[in-house]
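Residues per chain, in single letters:
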Amino acid sequence: MSNPTFRTRISQLRKRKLTKKKIVRRGNPLNRRNNDDDCEAPLVGGQPLALFDLVGRGAAAAAAGAGPSSVPTASSSSTTSSLHHHPPYHLRRKSPTHPVSPPTTLGAISVTDTPSTAASAGASAATAGLPSAATSNTPVLSPPVALTATTAYCPSMLPARKRPRRTYSTGESSTAAHYLLYELPDEVLLTIFSYLYERDLCHVAQVCKRFYTIANDNELWKNLYQSLYEYDLPLFNPAPCKFDFVQPEDCDYDNPWKESFKQLYHGVHVRPGHQKHVAKEAGRSVAYFDTIQSAFDYCDDAERPLVLVHSGVYCGEPIVIETNIAFIGAAPGNVAENVILERECESTVMFMEGAQRAYLGYVTIKFSPPSCTDTMQHNKHYALEILENCSPTIEHCIIRSFSHLGAAVSVTGPGAEPVIRYCEISDCENVGLIITERAQGHYEDNEISRNALAGIWVKNFANPIMRRNHIHHGKDVGIFCFDGGQGYFEANDIHNNRIAGFEVKAQANPTVVRCEIHNGQTGGIYVHEHGMGQFIENKIHSNKYAGVWITSNSNPTIRRNEIYNGLQGGVYIFGDGRGLIEHNNIYGNALAGIQIRTNSDPIVRHNKIHDGQHGGIYVHEKGQGLIECNEVYANTLAGVWITTGSTPTLRRNRIHSGKQVGVYFYDNGHGLLEDNDIFNHLYSGVQIRTGSNPNIRRNKIWGGQNGGVLVYNGGLGLLEQNEIFDNAMAGVWIKTDSNPTLRRNKIFDGREAGICIFNGGKGVLEDNDIFRNAQAGVLISTQSHPTQSHPILRRNRIYDGLAAGIEITNNATATLENNHIFNNRFGGLCLASGVNPIERANKIFDNHDAVQKAVTSGQCLYKISSYTSFPMHDFYRCRTCNTTERNAICVNCIKTCHSSHVVEFIRHDRFFCDCGAGTLNNQCQLQGEPTQDTDTLYDSAAPIESQSLMAEV
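Structural notes, computed from the coordinates. These numbers come from a predicted model, not from an experiment.

**So, the pattern of salt bridges**
Now for step 1: If you walk through the whole model with that rule in mind, you get 39 salt bridges.
Now for step 2: Through salt bridges with shared partners, a single ionic network connects Glu444, Asp445, Arg467, Arg468, Glu490, Arg514, Glu537 and Arg560.

Spelled out as structure tokens, the structure:
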């Protein structure tokens, strides 16, 4: 329906160029007062753009004002008019019919509203002091009559909150306002509002509660936000130098898009060619620039300068930052990939003194020089350069340098303390990141990969803090600290670099904590040329060579690390290396867990070295070192190897459960083995051979399946005050021209002899206690060796044996002086035929003669010997049964089982009866069921030597 009065009024307003704000101010001063009956929400005090803290700038300056707007809560007073409507409806739902209002009296005129629309219109008109233009059943008052009615109507008759506003609106315009406020569907209003920019949207939000709710629709602000900033997610600025994208559902704000709009609205935009569109953005107060430098110049005096750089490639423009400006990319998708800063000469981005709280984020920075010429050889430039006395924050950037001369990122000079995090520094032609000249800073959560040289250089007393970086697939070392470089490196993942994961040299002293260093193509950690460092609680594994290399007078600390599954060794110390290696768990390496060679002298203590595919600790080529309080176990070869002139000290270690020898000295291996617990090895607990001469004292050596201590092939050594017990074979073996010294040892509970000396073995045995062994306390034999066995036994106590005290057989001899031999089962001193030892002042007493008792009672000697001992007596062979000298027959079996056979006496010697053992064709008549014999072997298998050594570097 046409309304000429309404059109006339609108025409007049346009001609006068009066805004709504001016009309309210001039026509109705009471409109400044909040009145719950005027609309669904009171007017919001302050300027409408205060939500964004707008400041007029450039061609599109915002209205003045400060401070965020607020919306007062609607009154809940019991005096609220019956014309007051319900709270705003949920968006995208059609407004329901309003309730019918009772008759209203305006002066002397009574107006009855029948339709609900008329009631709503009447309410709006009543609050304005004017009647409504309703349906045909409702009288319509002309403007003069309306003024008369307003004059006749006494506002004092209503409570203060119910007093209507005065207005100069006509009845027709009031009807339109009512329809716009109450009857127009939410969807239509939302569509209308979608054509508004943020400033006008803030104006509209102050009209009423319904408009406020619709104007704060999330999708509305999301579209508005993305049209300006281009981001796919809201970006928040919760603190200085911190910008984070957050998923809307994870935000604490009701409208995250609007909140992000508010936090970023003070920024200026670099968007080349966009200034021509500014005239079309009448409801927006945003400054646009074509160049980064012009935006910087514009922000010189700003309190919180923020420059947003939109999608594009920005080439050739120098970016030098000397103020606390925030510089950030703005683009859809992956922001950094779409905003590219690139230069061909000089550094692409440079931070200088004065940039204490500057920010750079979400951009790609490239340095792409032309191919180098002779004139450019001395010029080093970088993609990102940070000079002394500045501390910018760089986040979420992609940094590339295609220069062969300089790093991608350079941080240099005292006071250079940037924060670089969540950046990608990859595919560079030189070093990824270099920190030098006492620079510091925090470097966190970066990815540094595939660089042609080291991922990171730290040198010249630089001292950065690096956490949670991913440094991998470099064509050189992962991190290289040298020339006094320091730093704190925590929780970094360093892997698949062509050389070591971490290299330290030339007085560098970094601290490396809880990093994972693995799959290096050469090694894990390499410390050389007087390098130092603290390596604590790291996981070092699966490296091609050693997990840790220490050489050339370096002295690092390797503490509480896991070093495992190396394709060669665990820790390799060579070339005068030192170091403290403690509390590490070293296991599963292909070669030795720890290898010490060539005059190296480390301290190795409190480590677990186990389950290696080779040995535990390997000391060779004049290696030294203090090795104490370690647990070495379950290794495939020897627990500890000491060879070729090495002289380590081993104290208070537990060396056990190995698949070969416990401690193996060979080829002139020396050193001190003191207070160790060596047990449960498949071979001997200790072996000494080929000129080795260790000092072995106060150890417990037990549970060896091939004996306690084996000295052979010219081995030497001093064994004193040891406890050697519970070994499956002899407690101590001495053979093949070996000549050790045993003093004050306790050798007991062996499952064979206490000490076996044969095949030309010698030695000095003094002041030892030898007791409770299953066979002879001391057995001396030659067994066709060209050299006669001739040990010296002085002041030993040999007692409680389950066989004889001392047995000498096979033309061997000995010097026996001042020994006490007592309480042994088969006698004190038993000598075979042809044996004449040198005896002086020995005391042989209280021994038992179980052998003679058995012979006297007519028993087979196997009855008392079984396979566990060899009683010394006369033994024979039977020609009739065609036995050999290896088949001995006791005198009682000769008399009973071979009574009519041709027999001959062999000699008086130690043996067990083969007839009683059932090894002959005829069954022994003095025994029960025969058992099968297995010859007892006195020799032990030699340890397997290493077939390959650790690779040289």
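**Quick look at the sheet that holds strand β76 (residues 889-890)**
Now for step 1: Spatial strand order, β76-β75-β77: three strands in an open sheet with antiparallel pairing. Both outer strands of the open sheet, β76 and β77 (903-910), are each paired with one neighbouring strand and no more.
Now for step 2: Direction of pairing for strand β75 (residues 872-878) relative to β76: antiparallel, over a ladder of two bridges. The partner of Tyr876 across the bridge, within β76, is Ile889.

**Comments concerning the pairing of strand β39 (residues 571-574)**
Now for step 1: Residues Val571 and Ile573 line one face of β39 and the alternating positions Tyr572 and Phe574 line the opposite face, and both faces are buried.
Now for step 2: Relative to β39, strand β36 (residues 548-551) runs parallel, the two sharing four bridges. From the neighbouring strand, Trp549 faces β39, where its bridge partner is Tyr572.
Now for step 3: With three bridges connecting them, β39 and strand β42 (residues 594-597) associate as parallel partners. Within β42, the position partnered with Tyr572 by the bridge is Gln595.

**Things to note about the nonpolar core**
Now for step 1: Ranked by internal contacts, the top residues of the largest apolar core, which has 188 residues, are Phe351 and Phe502.
Now for step 2: The dominant element in this core, judged by the number of residues it contributes, is helix α9 (residues 218-229), at six residues.
Now for step 3: In contact with Phe502, not counting residues within four places along its chain, are Val477, Ile479, Cys481, Phe489, Ile494, Pro510, Val512, Ile517, Gly524, Ile525, Tyr526 and Phe535.
Now for step 4: Counting residues in each nonpolar core, the second largest holds 19 residues, with Tyr618, Tyr683, Met729 and Ala730 among its members.

**Looking at the packing of aromatic side chains**
Now for step 1: In this structure the tally under the stated criterion is 38 aromatic pairs.
Now for step 2: Plain terms: the ring middles of Tyr526 and Trp549 are 5.2 Å apart, the flat faces sit at 90° to each other, and that makes the pair edge-to-face. With Tyr526 in strand β33 (residues 525-528) and Trp549 in strand β36, this residue pair connects regions lying 23 residues apart in the sequence.
Now for step 3: Accessibility expressed as a relative area gives 14% for Tyr526, which makes it buried.
Now for step 4: Considering the side-chain rings of Phe748 and Phe771, the 4.9 Å spacing of their centres and the 0° angle between planes classify their relative orientation as stacked. Of this pair, Phe748 sits in strand β62 (residues 746-748) while Phe771 sits in strand β65 (residues 769-771), and the two are 23 residues apart along the sequence. Across this residue pair, the class does not change: Phe748 and Phe771 are buried.
Now for step 5: An aromatic cluster of at least three residues, connected via ring pairs, comprises Trp221, Tyr225, Tyr229, Tyr231, Phe245, Trp257, Phe261, Tyr265 and Tyr362.

**With respect to the packing of α9 against helix α10 (residues 256-264)**
Now for step 1: Where α9 meets α10, the axes come as close as 8 Å, and the angle between the chain directions of the two elements is 35°. Note on packing geometry: the crossing formed by α9 with α10 is left-handed. Side by side, α9 and α10 meet where Asn218, Trp221, Lys222, Leu224, Tyr225, Gln226, Leu228 and Tyr229 of the first sit next to Pro256, Trp257, Lys258, Ser260, Phe261 and Leu264 of the second.
Now for step 2: Looking at the contact of α9 with α10, its residues break down into nine nonpolar, three polar and two charged.

**What to know about the side chain of Asn824**
Now for step 1: Structurally, the position occupied by Asn824 is in the loop between β71 (820-822) and β72 (829-831).
Now for step 2: Relative accessible area serves as the criterion here: at 1%, Asn824 is assigned to the buried category.
Now for step 3: Engagement of the side chain of Asn824 in a polar contact is seen with the backbone oxygen of Ile798, the distance being 3.3 Å.
Now for step 4: At 2.9 Å, the side chain of Asn824 and the backbone nitrogen of Gly801 are in polar contact.
Now for step 5: Sequence-distant contacts of Asn824, that is, excluding residues within four places in its chain, are made with Ile798, Tyr799, Asp800, Gly801, Ala803, Ala804, Gly805, Asp846, Asn847 and His848.

Conventions and cut-offs
- Residues numbered from 1 in each chain as written.
- Predicted model: local features only at pLDDT ≥ 70, side-chain atom pairs only at ≥ 80, totals over all residues.
- Heavy atoms only, no water.
- Salt bridge = Lys/Arg side-chain N within 4 Å of Asp/Glu carboxyl O.
- Pairing = 2+ DSSP bridges.
- Helix = DSSP H or I, 4+ residues; strand = E, 2+ residues; numbered from the N terminus.
- Buried < 20%, exposed > 50% of the residue type's maximum accessible area, 1.4 Å probe, protein only.
- Core = buried A, V, L, I, M, F, W, Y, C linked by side-chain atoms within 4.5 Å.
- Contact = heavy atoms within 4.5 Å.
- Phe/Tyr/Trp six-rings, centres within 6.5 Å; stacked < 30°, edge-to-face > 60°.
- Axes fitted to C-alpha atoms, helices over the stretch in contact; angles between N-to-C directions.
- Left-handed = near helix turned anticlockwise from the far one by under 90°.
- Nonpolar A, V, L, I, M, F, W, Y, C, P; charged D, E, K, R; others polar.
- Polar contact = N/O pair within 3.5 Å; in protein donor to acceptor, adjacent residues only side chain to side chain.

What is shown is where atoms sit, not what they do.
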